[in-house]
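# A look at the structure
If you want the building blocks of each chain, they are given just below.
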Amino acid sequence: MKNYLKIAFSISSAAALCSCVGMMDDAQNVPVIEPITVSYKVSAATGFIPKGGIVDPDPSFSTQGVTVSFLESATGAVTTGVTDADCVATVELIPGDYTISVTGKVENDGTEYYLNGSINSVSLVKDISKQEAMASSGLVVRPAKVGSLCISEIYYCGIAPYYFRDQTYQIYNNGNQVEYLDGLCFAQLHPNIASATSVPPVWPDEEGENNYVYGLMVWQFPGSGQEYPLQPGESVVVVQEARDHRENNPASFDNSMADWECWTGNVQRDNPDVENMPLLYAQSLNKLQWLTSVFGAAFCIYRADDGTVLDEAYYKDKNNTQTEVNKSSRYARIPASYILDGVELMPNMDILDKKRIPGFVDAGAASVGDTYCGKVVARKVVGTRPDGTPIFSDTNNSTDDFEVLDSPMIRRYGQKAPAWSK
Amino acid sequence: MKKNTYYKAAGCLSLAMAAVMPASAQNTTTASVERQKLENIWVNNTDNAAAGVIDAPSRYSLSDLNFGMTKGDFKRVQQGKDNNSVGFHTEGGGIYEKMGGMYLWGEFSYSRDRIKGARFNASLIDPLRGMPFLLADSTASKWINQDYSMRMKVAFPKLFDCLTLGVGASYQNAQGAKQVDPRPLMRLSKIGVTPSAVVEIGKHNFLGAHFDYYNRREDGNPTNTNNRVNQAGWDFVAPGFFQTGEFGSFSSLSSKRFYNANAMGGGVQYGFKNDRLNLLVSGSYMQKVEDVDNQYSGESTASIRKMIGTVKEELWNGKLVANYTFNSGNILALNIGYTDKSIDGIEYLQTYDNSFDVQAWIINAKFTRSNFSTKQTDVKLDYMVTDDGNSYKWWMGAQYTKLTDGYVYYQPRSTQDVETAVLGAFVSRNIRLCDRHALTLTVNGGYSTNRSGELDYHGYKADNVGFTMLTLKDFEFLCTDYAKFGGEVTYTFSGFKNPSMSLYVTADFDYYKPDSEIFSKRTFTNFKVGVAF
């Protein structure tokens, strides 16, 4: 018995010593960090982008002149460069993990495109020459047509004490011609929450990269085609629950004049005076209410680019839904070309490197920075039409387009209600 | 026979640690122990346990209960503003002639600290121990810390009439619990071993060497009792460099944090000793490597922990100690020390590979991103007027300390450098009131002057309270001049229970007055009651 104890003790001691020596050895001769020079290519792709983003750039689609931002996650340092004629931006950086964002507007074949995109968790630890950069695909960006409809204001964080039934979304016609809401889809995207420790979902290889976003809940505006016109300068209000919420919480506000309620089946929470928005798809239906994360979810509006009106049957087809690798929950699969506008909301702007939806939906993010604070993110005004309605900033980058305001407001800055709105 | 001797030694050591020592022939008091500590330069200035036979201290034991209060805002941000502490401490040992002249010494201490008004710490029992990777919140919080520490030293009987082997060991166990959300319960354990040897060269010269190893672990998980309210937090990698987040369900800082340190080092010593002069020159080096990693909520296996950083600490220490004993028995003691501590903060670049058969954070690169440097020079001169017995009548001393303290964060380059000089002096008078009663009075004073201080910050969060309320305020503290004075009174009743045992009661008070418009004062008050024998 004593011998066994001696052997056990000896083995334990040897293991502990090896572990200790290994740990100490790992910490020796670690180089001091020095700046590196990095060239990074920005490519445009209009077709399917396979997994890994390895795709031949469209030679006719120049990305010259777009701004490339390198955000280092550890320090929050942001370094920017502009792409040259070879579509390469060269900057000096601290070695680190970066979120690389591209933002800009280019013209191709007489059509204006946003060229917004981003990629997370890129480890840049050594110099990358321009030749090396040109030999790689770099960041492949999906061009997005400059559209008219946009999400103009989101009130998502609720108000103390823990009141969240007043979540409100406003969609605005920021263009110069009438847009019809009929059949337009309004989706809450997966994942619902982003945090500094969250790991992005892994989709099957056949999904490629930046070809789709995935919906948790998809609501659809009713109408047969031209029932719900939205004139330039008009907006509609979509809410979790339409009522004067001040009856429940004096610090809240009145959104009882909403155009649509996103009602999930709780009879106690239905306002009969406000039409319920049809629910097209739900990954998992919470019948109490449609509560999106008070930390900040992500949203987009979309419709099929071939004019097809999506219906429930569309999402019953498993080809139009997808699961994460090794998981079973199915999410609505939304092709990139369908998307008209998107907004990503974060718990705070210090974790911008944890963006969870592709840059072609939103190259940045917005945040009120807290929960239950009663604040709201709203688009910045960059101009005014002759009729007094605002022209909002819409660069497809919410970091630049949105600002944080102290309280929600229905149709802020003189936005008009459609004639058919009650 | 030899085996029996060692068993006896072990038994006696246990007794020493419990401070139940056989009575020595002479009366033991706190003053006599203080004199002994001044005289025994090897035991009290090196970690060489074998050197106990050189000093050959007479046996003593001290056991006391203590209570302390610390108040005032002249402090580091992470220290408490209004603290109190209760504790028990016992130490004792000496030479055991009947065990072949072995030296045995042991110490045990327990303390329970209530630290109120501390800020920017949610992951360390001692946030000022040189660990830049920490979680923090800005709430003024109360911590309740408990610490159990044990140390022992043994020097075995002499071999070949010139070689003495020894070993020291230590064990510490502590818990720290923050009482306001986010509230981590931190657990710490530390175990160390220090084998050593001393060779006598002739009658007067000694060469010594020791090896030092310890392992230290600290871990805990900051959680909220009110899980409906998240708490703002900071994940620091260096002063002024951090990520902000929240403690709470689904929040960024909800993780269990592990600190695991291994340290190895050693030292060499030379000593000369005759009737008049007792000289010691020593040097030591210690390297500590401490890994910091996180395990996030919902992740149960160690394989998917994420490295947060590594600290590599190198500590060089040099000492020159010389005691000269005059014909009268009075002692002049010079103690010069130099310490150079350098801490590298290593950060990792990682990506999470969540493929089915990996599911782990993969390290792509690692860099030294920060360095913290402390250099300290101490010059201390003591003069002790001894009495006829084993104590002293007067003890006076002066000390000069030069401290340079700084750090660099390499990219974006930010630096802080502070140089401080402190001059202090004290006088103690041990008054024998009659055969059994004595009073020891001590007064001390000092002044600290900041010679230079520069904080050059090029980080990106200069407006964040994680910088303004912690880094900046700590810098202001370090650059503040202050005057300090204090005093101590000890009453000793000798012959308590038996002729060699004494009962003592001590009260001491220290007052720090900063030359500042930001800080007002800091006071330390301590009471102690104990027995010495």
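Residues numbered from 1 in each chain as written. Chains lettered and ligands numbered in written order. Predicted model: local features only at pLDDT ≥ 70, side-chain atom pairs only at ≥ 80, totals over all residues. Heavy atoms only, no water.

As a further point, take the overall build of chain A. A tally of regular secondary structure across chain A gives 4 helices and 28 strands. Principal-axis analysis of the C-alpha atoms places the extent of chain A at approximately 85 × 65 × 45 Å. Among the 422 residues that make up chain A, the fraction classed as buried is 56%. Within chain A, counting contacts between residues at least 6 apart in sequence, those at least 24 apart form 72% of the total. (Helix = DSSP H or I, 4+ residues; strand = E, 2+ residues; numbered from the N terminus. Buried < 20%, exposed > 50% of the residue type's maximum accessible area, 1.4 Å probe, protein only. Contact = heavy atoms within 4.5 Å.)

We now examine the overall build of chain B. Helix and strand counts for chain B come out as 5 helices and 21 strands. For chain B, the C-alpha radius of gyration of 25 Å lies close to 24 Å, the compact-globule estimate for 533 residues. In terms of principal-axis extent, the alpha carbons of chain B reach across some 70 × 55 × 40 Å. The burial tally for chain B puts 51% of its 533 residues in the buried class. For chain B, the share of sequence-separated contacts (at least 6 apart) that also reach a separation of at least 24 residues comes to 67%. (Rg over C-alpha atoms; globule rule 2.2 N^0.38 Å.)

This paragraph deals with the interface of chain A and chain B. Taken together, the 40 residues of chain A in the interface contact 47 residues of chain B. In total, chain A and chain B occlude about 3700 Å² of area from one another, counting both sides; carbon and sulfur atoms represent 61% of this. As a salt-bridge pair, B:R369 and A:E72 come within 2.9 Å of each other at their nearest N and O atoms. At the junction of chain A with chain B, the criterion picks out 8 residue pairs in polar contact (both at pLDDT 80 or more). Only α1 (2–26), β5 (96–103) and β8 (117–124) of chain A provide two or more residues apiece to the side of chain A that touches chain B. For the side of chain A that touches chain B, the element with the highest residue contribution is α1(A), accounting for 5 residues. Looking at the side of chain A that touches chain B, its residues break down into 23 nonpolar, 12 polar and 5 charged. (Buried area = accessible area lost by both parts, 1.4 Å probe. Salt bridge = Lys/Arg side-chain N within 4 Å of Asp/Glu carboxyl O. Polar contact = N/O pair within 3.5 Å; in protein donor to acceptor, adjacent residues only side chain to side chain. Nonpolar A, V, L, I, M, F, W, Y, C, P; charged D, E, K, R; others polar.)

Residue and element names in this part refer to chain B. Strand order across the open sheet formed by 3 strands is β4-β9-β10, with antiparallel pairing between neighbours. Either end of the sheet is taken by a strand with one partner, and the two such strands are β4 (134–136) and β10 (241–247). Strand-to-strand twist across the sheet, computed as the mean angle between neighbouring axes with direction ignored, equals 25°. The sheet contact formed by β4 and strand β9 (residues 231–238) spans 3 bridges and is antiparallel. Residue pairing across strands places A136 opposite W234, the latter belonging to β9. Against the sheet, helix α5 (residues 465–478) engages β9 and β10, with an angle of about 60° to β9. (Pairing = 2+ DSSP bridges. Axes fitted to C-alpha atoms, helices over the stretch in contact; angles between N-to-C directions.)

Next up on the list: the sheet that holds strand β25 (residues 376–379) of chain A. Spatially, β19-β18-β17-β12-β11-β25-β28 (chain A) is the arrangement adopted by the 7 strands of the open sheet, whose pairing is mixed. At either margin of the open sheet sits one strand with a lone partner, and together these are β19 (275–276) and β28 (402–405) of chain A.

Residues and elements named next belong to chain A. Following the sequence through the fold, D362 ends up in the loop between β24 (339–344) and β25. Nearest to the buried, unbridged D362 among oppositely charged side chains is K355, at 4.9 Å. Engagement of the side chain of D362 in a polar contact is seen with the side chain of S398, the distance being 2.4 Å. Those residues within four positions of D362 in sequence are excluded, and the remaining contacts are G342, V343, E344, K355, N396, N397 and S398. (Lys, Arg positive; Asp, Glu negative; His and termini not counted.)

A:I154, A:L181, A:F186, A:F221 and A:F299 are the most contacted members of the largest nonpolar core, which totals 48 residues. Counting only elements with at least two residues in this core, the list comes to β11 (149–155), β12 (168–173), β15 (212–220), β17 (235–239), β21 (298–302), β25 and β28 of chain A. Counting residues per element, this core draws most heavily on β15(A), which supplies 5 residues. Excluding residues that lie within four positions of it along the chain, A:F221 makes contacts with A:I171, A:L181, A:D182, A:G183, A:L184, A:F186, A:V236, A:V238, A:W260 and A:M277. If you look at the next biggest cluster of nonpolar residues, it comprises 32 residues, including B:I115, B:L134, B:A238 and B:Y457. (Core = buried A, V, L, I, M, F, W, Y, C linked by side-chain atoms within 4.5 Å.)

All right, on to the pairing of strand β11 (residues 255–273) of chain B then. All names here are of chain B. Inspection of the sheet shows strand β8 (residues 205–220) paired to β11 by 16 bridges, in the antiparallel sense. When the sheet's bridge partners are listed, L207 is paired in β11 with Y270. Note that β11 and strand β12 (residues 277–296) share 19 bridges and pair antiparallel. Across the sheet, Y270 pairs through a bridge with V281, a residue of β12. The hairpin formed by β11 and β12 contains 3 residues between the paired strands.

Reports often express the size of an interface as the amount of accessible area lost when the parts come together. Residue and element names in this part refer to chain A. Domain assignment breaks chain A into domain 1 (36–144) and domain 2 (148–414). Each of domain 1 and domain 2 has a C-alpha centre, and the two are 28 Å apart. Counting residues at the interface gives 21 residues for domain 1 and 22 residues for domain 2. Counting each side, the surface lost to burial between domain 1 and domain 2 is near 1700 Å², with a carbon and sulfur contribution of 47%. In terms of surface lost to domain 2, no three residues of domain 1 exceed K51, N116 and R142, which account for 31% of the buried area on that side. Inspection of the region where domain 1 meets domain 2 yields 0 salt bridges. (Domains from an automatic or database assignment.)

Residue and element names in this part refer to chain B. Looking at where N121 falls in the secondary structure, it is placed in the loop between β3 (102–118) and β4. Separated by 3.1 Å, the side chain of N121 and the backbone nitrogen of S123 make a polar contact. Not counting the four nearest positions on each side in its chain, N121 is found in contact with P127, L134, L135, A136, D137, W143 and K178.

Our focus in this paragraph is the packing of aromatic side chains. Taken as a whole, this structure holds 44 aromatic pairs over all chains when the rule is applied. Ring centres 5.5 Å apart and planes at 85° place the aromatic pair A:Y155 and A:F253 in the edge-to-face group. Note that A:Y155 is positioned in strand β11 and A:F253 in the loop between β17 and β18 (260–261), a separation of 98 residues in sequence. With respect to burial, A:Y155 and A:F253 carry one shared label: buried. Judged by centre distance (6.0 Å) and plane angle (90°), the ring pair of B:F477 and B:F519 falls under edge-to-face. Of this pair, B:F477 sits in helix α5 while B:F519 sits in the loop between β20 (502–514) and β21 (522–532), placing them 42 residues apart in sequence. B:F477 sits in the buried class, given a relative accessible area of 17%. Taking the relative accessible area as the measure of exposure, B:F519 reaches 4% and is therefore buried. An aromatic cluster is built from B:F74, B:F477, B:Y482, B:Y512, B:F519 and B:F524, whose rings are joined through pairwise contacts. (Phe/Tyr/Trp six-rings, centres within 6.5 Å; stacked < 30°, edge-to-face > 60°.)

Attention shifts here to unusual backbone geometry. Cis geometry is adopted by the peptide bond preceding A:P161, which originates at A:A160 and carries an omega value of -5°. With respect to the helices and strands, A:P161 occurs in the loop between β11 and β12. The omega angle of the peptide bond from B:D181 to B:P182 is -10°, so this bond is cis rather than trans. When you line up the elements, B:P182 lands in the loop between β6 (163–178) and β7 (185–201). Of note, the phi angle at A:C87 is positive, near 65°, even though the residue is not glycine. With respect to the helices and strands, the residue A:C87 is situated in the loop between β3 (78–82) and β4 (88–93). Residue A:C87 is classed as buried on the basis of its relative accessible area, which comes to 14%. Here A:N326, not a glycine, exhibits a phi torsion of approximately 65°, which is positive. Structurally, A:N326 is set in the loop between β22 (321–323) and β23 (330–335). With relative accessibility at 57%, the residue A:N326 sits in the exposed group.

Moving on: the pattern of salt bridges. All names here are of chain A. Applying the stated criterion to the full structure yields 36 salt bridges over all chains. Of the charged contacts, one joins E207 and R333 as a salt bridge, the two residues approaching to 2.6 Å between their closest N and O atoms. With E207 in the loop between β14 (185–189) and β15 and R333 in strand β23, this residue pair connects regions lying 126 residues apart in the sequence. Among the residues examined, E207 registers a relative accessible area of 1% and is labelled buried.

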